[in-house]
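Listed below are the residues making up each chain.
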Amino acid sequence: MLITIEGIDGCGKSTLMGGLEAALSDINPLFTREPGATWIGDQVRRGIAEEIDPIAEALLFVADHAAHLAEVIRPALAEHRLVISDRYSDSRYAYQQVTLAPLFPEPLLWLRSVHGNWTVRPDRTYLLTIPIADALDRLDGKDGREHFERAEVLEQVQKNYLALAEEDPQRFVLVDALQEREKICTFIAGDIRNLWQSL
Ligand code: TMP
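Rules of the game
- Residues numbered from 1 in each chain as written.
- Predicted model: local features only at pLDDT ≥ 70, side-chain atom pairs only at ≥ 80, totals over all residues.
- Heavy atoms only, no water.
- Core = buried A, V, L, I, M, F, W, Y, C linked by side-chain atoms within 4.5 Å.
- Buried < 20%, exposed > 50% of the residue type's maximum accessible area, 1.4 Å probe, protein only.
- Contact = heavy atoms within 4.5 Å.
- Near = heavy atom within 4 Å.
- Polar contact = N/O pair within 3.5 Å; in protein donor to acceptor, adjacent residues only side chain to side chain.
- Areas by Shrake-Rupley, 256 points an atom, 1.4 Å probe, with all protein chains shown as cover.
- Phe/Tyr/Trp six-rings, centres within 6.5 Å; stacked < 30°, edge-to-face > 60°.
- Helix = DSSP H or I, 4+ residues; strand = E, 2+ residues; numbered from the N terminus.

Counting 50 residues, the largest nonpolar core has Ile3, Ile8, Leu20, Ile188 and Ile192 as its most contacted members. Filtering out sequence-adjacent residues up to four positions away, Ile188 remains in contact with Leu16, Leu20, Tyr126, Leu128 and Val175. Membership of the second largest hydrophobic core comes to seven residues, among which are Leu69, Ile73, Ala76 and Tyr88.

Dropping the structure here:
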């Protein structure tokens, strides 16, 4: 079973992943992430830092996804593991739709066709939503902001996420990221456990 966690920068995903590791340790999920589960992820981070061409950047994220599927996700699913990924294809659909918008029309269609029919659809996606001002406050202490971490970008990225969720309400679960951390973690861990046990 494949679970993904999505949301804009500053929504609290990293804290949540740490909480889920502790809360679900008895069922031994495989925790993974995009970008960064393979060496291609290092190149992606370099691309982000250097603000390379948006098409090159988008394709690096896709390359990371392909390697992630081949090396981590498909083997784990073949062993019937529970896989929980911090970011996945919806990050491309939400973020690269923004970075590619100035370059050509219909970037979402392009991104979807680049993923073609080789990607694996998540069974459930938790989308953490947060007012942009609160997300930026949380990012304030962080060194070296990435080019995505600007109010106007994050605003559009979150809109894109919400549109994706509206299109696919059976897969997406929206979670208010302003709730107490522990409450968020308890709710998501409980929901994942129910889904896992219902298989
Ligand atoms: P992280 O902060 O979750 O490690 O992700 C790094 C940045 O990369 C974050 O700003 C979101 C962005 N990103 C994309 O733009 N597209 C993608 O496909 C992924 C996985 C991340």
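Once the structure has been displayed, the description carries forward.
The next subject is the site of the ligand. Around the ligand sit 15 residues in total, of which Asp9, Arg33, Arg87, Arg92 and Gln96 are the nearest. Note that an oxygen atom of the ligand is positioned 3.3 Å from one of the side-chain N or O atoms of Lys13. Separating a nitrogen atom of the ligand from a side-chain N or O atom of Gln96 is a distance of 2.7 Å. When isolated, the ligand has an accessible area of 470 Å², and the protein chains bury 94% of it.

Right, let's get into the packing of aromatic side chains. Any aromatic ring pair is given by two values, namely how distant the centres are and how the planes are angled relative to each other. In this structure the tally under the stated criterion is four aromatic pairs. Judged by centre distance (5.4 Å) and plane angle (85 degrees), the rings of Tyr95 and Phe148 are edge-to-face. With Tyr95 in helix H4 (residues 89-100) and Phe148 in the loop between helix H6 (132-139) and helix H7 (151-167), this residue pair connects regions lying 53 residues apart in the sequence. Comparing Tyr95 with Phe148 shows no difference in burial state: the two are buried. Taking 6.3 Å as the distance between ring centres and 85 degrees as the angle between the ring planes, the aromatic pair formed by Tyr95 and Tyr161 counts as edge-to-face. Here Tyr95 is found in helix H4, whereas its partner Tyr161 is found in helix H7, with 66 residues between them in sequence. On the basis of relative accessible area, Tyr95 is assigned to the buried category, the value being 5%.

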